[in-house]
Amino acid sequence: MHISELSDITGVSLRSLRYYEEKELLRPARSSNGYRQYAESDIERVRLIQMYFGLGLTVKEILSFFECAFDDSPKRDCLPNAIEVGRKKLDEITRQMEQLQQAKGHLEQSIARWERILREGDGGA
């Protein structure tokens, strides 16, 4: 598929897709006329790139993951770094989830209290 099709399917701008290629996160084939040709698997790859950027990974960290994730038999030398980066991100995600759970609990309590005040009145106003 052409770059415009990949952009339409993924919702990622042409500029971003070209940036991913420049940083070697994407490696499209080139047709005889020089046009980029993306594979169906690039759709998932772009979605993963977006997710990893959303998690705060750098281009270098994403590349280290991709060296392991998209190779049928990953090179052993890429695994330690990918594992280290992955564990750090998992720890960060776990902390964020805990914070979100606390925020959720606080909001639930506050909303319940406010609804009770509206139902029963606060005796003041």
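Just so it is clear, the structure is predicted and the values come from calculations on it, not from any experiment.

S.K.: Help me understand the UniProt feature "domain: HTH merR-type" (unreviewed entry) in the protein, please; the structure alone is not making it clear to me.
M.R.: UniProt records the feature "domain: HTH merR-type" (unreviewed entry) at residues 1–68, using the numbering of this structure. Between the C-alpha atoms that bound residues 1–68 there is a distance of 25 Å. The span itself is 60% helix and 6% strand.

S.K.: I'm lost on helix 2 (residues 14–22) in this one. Help?
M.R.: Helical periodicity: at 3.6 residues per turn, an α-helix aligns residues three or four positions apart in one direction. Burial in helix 2 covers these residues: Leu17, Tyr20 and Glu21. The buried residues of helix 2 occupy an angular sector of 100° when the element is viewed end-on, so they sit on one face. Opposite its buried face, helix 2 presents the exposed residues Arg15 and Glu22, each directed more than 90 degrees away. Of the surrounding elements, those touching the buried residues of helix 2 are helix 1 (3–10), strand 1 (29–30), strand 2 (36–37) and helix 3 (41–54).

S.K.: It is not clear to me how the packing of aromatic side chains should be interpreted in this structure. Could you clarify?
M.R.: Here a ring pair, both rings aromatic, is described through the centre-centre distance and the interplanar angle of the planes. Applying the stated criterion across every chain, the model contains two aromatic pairs. Connected via pairs of aromatic rings, a cluster forms that spans Tyr19, Tyr20 and Phe53.

S.K.: How do you make sense of the nonpolar core when you look at a structure like this?
M.R.: If you look at the biggest cluster of nonpolar residues, it comprises 23 residues, and the most contacted ones within it are Leu6, Leu17, Leu26 and Phe66. Of all the elements in the fold, those that place two or more residues in this core are helix 1, helix 2, helix 3, helix 4 (59–69) and helix 5 (79–120). Contacts of Leu17, omitting those with residues within four sequence positions, involve Ile3, Leu6, Ser7, Val12, Leu26 and Val46.

Definitions and cut-offs
- Within every chain, residues take consecutive numbers counted from 1 along the sequence as written.
- Only residues with pLDDT of at least 70 are given local features in this predicted model, and only at 80 or more are side-chain atom pairs given and counted; all residues enter the totals for whole chains, interfaces and linings.
- Working from all heavy atoms in the structure, the side-chain values ignore hydrogens and water.
- UniProt positions are given in the numbering used here, feature names are shortened, and annotations may be inferred rather than shown by experiment.
- Helical segments are the DSSP runs of H or I of at least four residues, strand segments are the runs of E of at least two, and each set is numbered from the N terminus.
- Each residue is placed in one exposure class: buried if its accessible area under a 1.4 Å probe, protein chains only, is under 20% of its type's maximum, exposed if it is over 50%, and partly exposed if it falls in between.
- Directions are taken from the helix axis to each C-beta atom, and the arc is the one they span.
- Should any heavy atoms of two residues lie within 4.5 Å, those residues are counted as being in contact.
- Each Phe, Tyr or Trp ring (for Trp, its six-membered ring) is paired with any other whose centre lies within 6.5 Å, and the angle between the two planes then decides the class: stacked below 30 degrees, edge-to-face above 60, tilted in between.
- Put simply, buried Ala, Val, Leu, Ile, Met, Phe, Trp, Tyr and Cys residues joined by side-chain atoms within 4.5 Å make one nonpolar core.

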